[in-house]
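Observations on the model geometry
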Amino acid sequence: MTVPLDVSSVRLPTKRDAYVDFLRAASLIVVVIWHWAFTILSWSADGPHATSPLGFTRGFWLVTWLFQVMPLFFYIGGYVHLRSWDRASQTGVGLGVFVWRRIRKLALPALIVLLAWVVVGSILGSYFKLQGASRAVKLIVSPMWFLGVYLMLIALLPAALWLHRRFGSMVLIWLAGLAMCVDVVRFNVGIEEAGWLNMVLIWGLAHQAGFFYHRVVDAPRRSDWTLLWAGLFGLIGLVGSGLYPGSMVGVPGERFSNMAPPTFVIVALLLFQIGVVELLRPMMERRLERPRWSRANDVINRFSLPLYLVHTTGLAIFLFAAWLWFGYEFDDSTDLSLWWWLGRPLAVVGPLVCTLPVIVLFTKVRRPRSPDRP
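It should be emphasised that the depicted structure is a prediction, and the values quoted were computed from it without experimental measurement. (Residues numbered from 1 in each chain as written. Predicted model: local features only at pLDDT ≥ 70, side-chain atom pairs only at ≥ 80, totals over all residues. Heavy atoms only, no water.)

A closer look at the overall build of the protein chain
What the protein chain contains, in helices and strands, is 16 helices and two strands. The C-alpha radius of gyration computed for the protein chain amounts to 21 Å, which stays within 12% of the reference 21 Å derived for 374 residues, consistent with globular compactness. Burial analysis of the protein chain (374 residues in total) assigns 51% to the buried set. In the protein chain, of all internal contacts separated by at least 6 residues, the share reaching a separation of at least 24 is 81%. Carbon and sulfur atoms provide 67% of the accessible area of the protein chain, an area that totals close to 18700 Å². Measuring between centres, the 34 positive side-chain charges of the protein chain sit 10 Å from its 20 negative side-chain charges. (Helix = DSSP H or I, 4+ residues; strand = E, 2+ residues; numbered from the N terminus. Rg over C-alpha atoms; globule rule 2.2 N^0.38 Å. Buried < 20%, exposed > 50% of the residue type's maximum accessible area, 1.4 Å probe, protein only. Contact = heavy atoms within 4.5 Å. Areas by Shrake-Rupley, 256 points an atom, 1.4 Å probe, with all protein chains shown as cover. Lys, Arg positive; Asp, Glu negative; His and termini not counted. Charge placed at Lys NZ, Arg CZ, Asp CG, Glu CD.)

Have a look at this one:
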């Protein structure tokens, strides 16, 4: 039995939205570049520890308001899932089958990488007698946390579609309100464990917001500015109050992270980022119509998911080779020179070179078509 699509909230397009493809792939690539360029590692007795300039560079946390793109990724994912389900339902595919296929397409490649690192980490740790090899493996696979959340959102798609058809935009208000209530219970009442409910509520809100993607696209440009300013003032108010950290990623030494589990600040971040990308839409759509931009968009969409899955593998290979062959020493110095900052673009070259062969091998083992291609 198929579930009819609520066409009252969705304008079904007649062709692919190149900007959607670009945003989805670019979101993953931004995370990859961030990890390559700004991860600072030190090696202690219990293994590697990671930090970043965010913890000791004044004002640098502001860049996370643009480059912590997971809210935007889940928003785009919501639209893509809705659009894909519409197409699948028209061919007679049941919702349960649709959900299972998408979970399988995303989970199998991630499972391959995870199991490969469990085996490789055990072998390398034993052969080189590396203390903390298990911690290294944990750091390498840790970026996959978002895939776990994404799989959860896919599994909850039947409930999300029912809520969308039954209550429409009211669902967004309820999810946002419940997320704020969770923060109250977490921080005011002191029940820290309650915060993990926001893994469902806040990421579910971002995903559910994607069901209204075409309403946002079709709205007047003034609405885009409204979203941007509402989100920006929300961020300023929540962070400026001192109740929440300014960074949208976890920073060592902060009293808590806005991401693990997510706080209500991420709701404001979502509004802000939707406003930004919609204001950029006319310019980007013109560029994506150009042949070179179109080809580049196709390439990054083809490889963005494999790149994300193995980018920390490439980084680990690069650092291990530098340690093994050149005696590279991990340094967690907080005194970052001008040359260090100027060298950030070059810092991605080594991990990229080491990642490309892994992508080739990975795509030969399994050729994953993006699980979100509508």
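What about a nonpolar patch on the surface?
Nonpolar side chains collect at one region of the surface, where Leu-108, Leu-111, Leu-114, Leu-115 and Val-118 lie side by side and expose about 390 Å² of accessible area between them. With respect to the secondary-structure elements, Val-118 resides in helix α4 (residues 95-127). Judged by relative accessible area, which is 45%, Val-118 ranks as partly exposed. (Patch = residues over 30% accessible without salt bridge, like charges linked within 9 Å, V, L, I, M, F, W, Y side chains within 5 Å. Salt bridge = Lys/Arg side-chain N within 4 Å of Asp/Glu carboxyl O.)

Observations concerning unusual backbone geometry
Cis peptide bonds are those with omega within 30 degrees of zero, and the linkage from Ala-260 to Pro-261 qualifies with -5°. Summarising the element assignment, Pro-261 is placed in the loop between α11 (221-240) and α12 (265-288).

As for the confidence of the model for the protein chain
Any segment with low pLDDT has predicted coordinates that should not be analysed in fine detail. With 90% of its residues at a pLDDT of at least 70, the protein chain reaches an overall mean of 87. Long-range and interchain partners of residues 1-12, a stretch whose pLDDT sits below 50, account for 28 contacts in this model, where long-range means more than four residues apart. (pLDDT = per-residue confidence, 0-100.)

Some points on the nonpolar core
Within the largest apolar cluster, 105 residues are counted, with the highest numbers of intra-cluster contacts made by Met-70, Phe-74, Tyr-75, Trp-203 and Leu-309. Considering each element in turn, this core owes the most residues, 13 residues, to α12. In this structure, Met-70 is in contact with Val-31, Trp-145, Phe-146, Trp-203 and Met-259, ignoring residues within four places of it in sequence. (Core = buried A, V, L, I, M, F, W, Y, C linked by side-chain atoms within 4.5 Å.)

A short note on the pairing of strand β1 (residues 40-44)
Pairing of β1 with strand β2 (residues 47-51) involves five bridges; the strand directions are antiparallel. Directly across from Ser-44, in β2, lies its bridge partner Gly-47. Here β1 folds back onto β2 in antiparallel fashion, the turn holding two residues. (Pairing = 2+ DSSP bridges.)

Things to note about helix α3 (residues 70-90)
In this model α3 runs 30 Å from its N-terminal to its C-terminal C-alpha over 21 residues, within 8% of the 30 Å that 1.5 Å per residue would give. Remark: Gly-92 follows α3 within two positions and exhibits a positive phi of approximately 90°. (Expected span 1.5 Å × (residues − 1).)

Notes on the packing of α4 against helix α13 (residues 291-326)
Direction vectors running N to C along α4 and α13 enclose 10°, while the axes themselves pass 10 Å from each other. Taken together, α4 and α13 sit at an angle that is classed as roughly parallel. Of α13, the residues touching α4 (which contributes Leu-106, Pro-109, Ala-110, Val-113 and Trp-117) are Leu-305, Leu-309, Val-310, Thr-313 and Ala-316. Of the residues assigned to the contact of α4 with α13, the class counts are nine nonpolar, one polar and no charged. (Axes fitted to C-alpha atoms, helices over the stretch in contact; angles between N-to-C directions. Parallel < 35°, antiparallel > 145°, perpendicular 65-115°, else oblique. Nonpolar A, V, L, I, M, F, W, Y, C, P; charged D, E, K, R; others polar.)

Remarks on the pattern of salt bridges
Applying the stated rule across the entire model yields six salt bridges. A salt bridge links Asp-21 to Arg-24; the shortest N-O distance between them is 3.0 Å. Within this pair, Asp-21 and its partner Arg-24 are both found in helix α1 (residues 18-38), separated by three residues, close to a single helical turn. Taking the relative accessible area as the measure of exposure, Asp-21 reaches 8% and is therefore buried. You can call Arg-24 buried: its relative accessible area is 5%. Here Arg-281 ties to Glu-278 by a salt bridge, and the two come within 2.9 Å at their closest N and O atoms. Residue Arg-281 and its partner Glu-278 are both found in helix α12; the two are separated by three residues, about one turn of the helix. Salt bridges sharing partners connect three or more residues here, namely Asp-17, Glu-278, Arg-281 and Glu-285.

Quick look at the packing of aromatic side chains
Counted by the stated rule, this structure contains 27 aromatic pairs. Between the aromatic rings of Phe-146 and Tyr-150, the centroid separation amounts to 6.3 Å while the plane-to-plane angle is 40°, which identifies the pairing as tilted. Remark: Tyr-150 and Phe-146 occur in helix α6 (residues 145-155); sequence separation between them is four residues, near one turn of the helix. Across this residue pair, the class does not change: Phe-146 and Tyr-150 are buried. Residues Phe-146 and Tyr-308 carry aromatic rings whose centres are separated by 4.9 Å and whose planes lie at 80° to one another, so their mutual orientation is edge-to-face. With Phe-146 in helix α6 and Tyr-308 in helix α13, this residue pair connects regions lying 162 residues apart in the sequence. Each member of the pair Phe-146 and Tyr-308 is classed as buried. Taken together, the aromatic side chains of Phe-73, Phe-74, Trp-145, Phe-146, Tyr-150, Trp-203 and Tyr-308 make up a single cluster linked through ring pairs. (Phe/Tyr/Trp six-rings, centres within 6.5 Å; stacked < 30°, edge-to-face > 60°.)

A short note on the environment of Pro-53
Within the secondary structure, Pro-53 sits in the loop between β2 and α2 (64-67). Assessed through its relative accessible area of 0%, Pro-53 is described here as buried. A C-alpha to C-alpha distance of 6.8 Å links Pro-53 and Phe-38, two positions 15 residues apart in sequence. Dropping the residues within four chain positions of it, Pro-53 is found in contact with Phe-38, Ile-40, Phe-60, Leu-336, Trp-340 and Trp-341.

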